Amino acid sequence: MAQSPMTQKPKVQKSEAQKPTAQHPVHRFGRTLMLWFISALTTLTALGAQAAGLLTPIGQASSLDMLTHNVEVDIQDGFVITRVQQTFANPSPTPLDAHYRFPLPSDASVGQFTYWVAGQPIHGEVIEKAKANEIYQAEKQQGRKVAVSEQQGFQHFDIRVASVQPGEDVRLELVYIQAIEMDHGIGRYVYPLEDGGTDEVQKAFWTTQETVKGTFSFNARLRSSQPVDAVRVADGGLLQQQTQITQLDSQQWTIAFTPENQSVALNKDVVFYWRLQTGVPGGLDVIAHKPAGQSRGTFMMTLTPADDLQPIQQGTDWTLVLDISGSMRGKFSTLIEGVRRGLAKFNPADRVRVILFNGEAKDFTGGYVTATPQNMLALAEQLQTVQPDGSTNLMDAVKMALTDIEADRTSAIWLVTDGVANVGETKQKRFLDVLKTKDIRLFTFIMGNGANKPLLNGLSKASNGFAIEVSNSDDMLGQLKKAASKVSHQAMHDIDVTFKGLKVSDVEPQVIGSLYRGQQLHLFGHYWRAGKGEVIVTAKVSGKKIEYRVPVTLPEVATDYPELERMRAFAQIKTLLDEQESFGEDADRKDAVIDLAKEASLVTPYTSMIVLEEEQFARYGIKRSNATRIAQEEAARQKRGSAEVKNHNQAAAHPTLSQPRSNLSGGAFDIWWVFGFLVLVVSRRKLSALMS
């Protein structure tokens, strides 16, 4: 009887580990990582993903129409503000509820939800999620106008509007804030629209109307404190040939997309990048908010190291962990074709092991095999016989991948999957316990909006690794080069930040961990004493202590950045939610999240933002604090938008931070895109001495 694909073994010759020699190519770890993933994954095709849009229960005869979807983006002073306006209409003869769903960036905080009632905008207020749902149902039964916005797990964000009357239009606006993502001098913005397709409950119950029947527009304004060399749109995303990119000067650009052909489908992410000019220095950018008469201020500090982390040289064992669950049907053949090409990139001195997993994990190669051309060809041919099926047991795969790691060799383990763990152990705490059994660092390449980002980010952080989130619409070459640059160079570990001469508290993140080549560090906190002081950053690089001492000044009065209060609160909420995932739900942590969310008017898994007819807020005892906050924020944005672009770097005279930051030389904006997400685990036994 023929063996099943899970038990067949490729006919390859095994050998003892070959020790690295002086002839080993330099930076082979990072270069091979990039070459393999470029070959293995750029052949994939994005297939059948769920899109953002209106949800209708399967089998319902009528639904709302999505008439307009307009996006305005402001990028300036270290953070991004995204404003989304949408209009829905009810063409049917009966009242219908609107249920709109879309993914949200994992680092974005929702602080404004507005619903137009009788032609007037009414801003939502944040209350506990259960109470918001009760009020929503009560107001709906009474026939009054009501809408709610809420977070549903890690996968998506929901908006519900009750009883849209026949022929009625509904106008909504959502605003969210996030820190700018800069890596190797390249900024990246993603407006997520592709849902990811990993929510099985949604797929079984809802149909999605993803087409805008009227107008879709996307307009972004970039105002950079450093000169920008180029701006480009990812060709795999929603914005393509009809996008107009305009350079106003060396620091200001606009990106505009209003398609001639309407009826746009919201099934691809909007992705664009900007690249700073070569030679732009590192630094410590500081912005603050402290209204007159208030004793407490809020700050955001962004540390950008100079390019002083040295490359490392090391040979590698490679473990490929491939998802063969049922969700991989339709794309596994293209994955294997990519793997076949990628296997040819390995050095014959390397060793390769392949683990396949669905409901369980199997060692496909029966251990390591030498990466000779003959062995790699045989392995690729055997992989082509595999047929995806079954569920996704991520824990089983991780446990097997952590076996047989040899202490005297650098080892890398790559997990390739497009889904979410749904059988076996799925709790983050158990994954953390398993990781503690090996001395490893976890590097995560997370692709797709449906991936379990809290789990993968949490595991990476706990092991002092890093996580890179990638849209299915990204240009992959640049993303892969960033990852390769990080793992092929030293890193800063055990980072600690202290303040001298300044009374500072509530700093987030509380535990920083590591910083890899090209990365920035965002710090949020409160301060109680304005004036001059010093920020002291210490870390270890290759076991040696380094220190940055930067003089800084925090203002007595500053009103340009009221959004910082929300961003600092959101950073603390993220820490608390990470702890909930790692250690289990705790009532005190939950109460702390709710209190912070109410104070800063933020939507969280425990709080929702509800819009009522104006007089109903008082009836339910809901204070109109968010409406006041929104007015202050909008006034500040108008003021910033008409002012000159400011440089907030307070380390211009620092001997190290004033040197050029790292960059990617050539090809960072090439067109490469892929479907799936990758998790890399690298043995710390060999890398700790080199990278810590």
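A.B. asks: Hey, could you run me through empty space enclosed by the protein in this one?
C.D. replies: Remark: the empty space left among the atoms is shown by a probe the size of a water molecule rolled over them. Counted under the stated rule, the structure contains nine cavities of 30 Å³ or more. Taken as a whole, the largest cavity holds about 350 Å³ of empty space. Lining the largest cavity are 23 residues, and of these Asp77, Gly78, Ile180, Ser225 and Asp285 lie nearest its centre. Secondary structure elements with two or more residues in the lining of the largest cavity: β2 (65-76), β15 (215-223), β20 (270-276), β21 (283-289) and β22 (297-304). Residues that form the lining of the largest cavity fall into these classes: nine nonpolar, ten polar and four charged.

A.B. asks: When you look at the pairing of strand β17 (residues 243-247) in this model, what are you seeing that I'm missing?
C.D. replies: If a strand is regular, its side chains alternate between the two faces of the sheet. Two strands pair when backbone bridges link them, and β17 and strand β18 (residues 252-257) are joined in this way by five bridges, in the antiparallel orientation. Paired with threonine 243 across the strands is phenylalanine 257, a residue of β18.

A.B. asks: Which parts of the structure should I look at to understand the pairing of strand β8 (residues 146-152)?
C.D. replies: With five of seven residues buried, β8 is to be regarded as a mostly interior element. Of the pairings in the sheet, the one linking β8 to strand β36 (residues 607-612) comprises four bridges and is antiparallel in character. Directly across from valine 148, in β36, lies its bridge partner isoleucine 610. Across six bridges, the pairing between β8 and strand β9 (residues 156-164) is antiparallel. Paired with glutamine 152 across the strands is histidine 156, a residue of β9.

A.B. asks: I tried to follow the environment of glutamine 428 on my own but got confused; where do I start?
C.D. replies: The residue glutamine 428 is located in helix α7 (residues 428-435) in this model. Taking the relative accessible area as the measure of exposure, glutamine 428 reaches 3% and is therefore buried. Spatially, the C-alpha atom of glutamine 428 lies 8.8 Å from that of glycine 584, the residues being 156 residues apart in sequence. Ignoring sequence-local partners within four residues, the contact set of glutamine 428 consists of Pro454, Leu455, Gly458, Leu459, Asp578, Glu581 and Ser582.

What counts and how
Residues numbered from 1 in each chain as written. Predicted model: local features only at pLDDT ≥ 70, side-chain atom pairs only at ≥ 80, totals over all residues. Heavy atoms only, no water. 1 Å grid on protein atoms, 1.4 Å probe; cavity = no way out; pocket = protein on both sides within 12 Å on 5 of 7 lines; lining within 4 Å. Points joined across faces, edges and corners; volume = space filled by probe spheres on them. Helix = DSSP H or I, 4+ residues; strand = E, 2+ residues; numbered from the N terminus. Nonpolar A, V, L, I, M, F, W, Y, C, P; charged D, E, K, R; others polar. Pairing = 2+ DSSP bridges. Buried < 20%, exposed > 50% of the residue type's maximum accessible area, 1.4 Å probe, protein only. Contact = heavy atoms within 4.5 Å.

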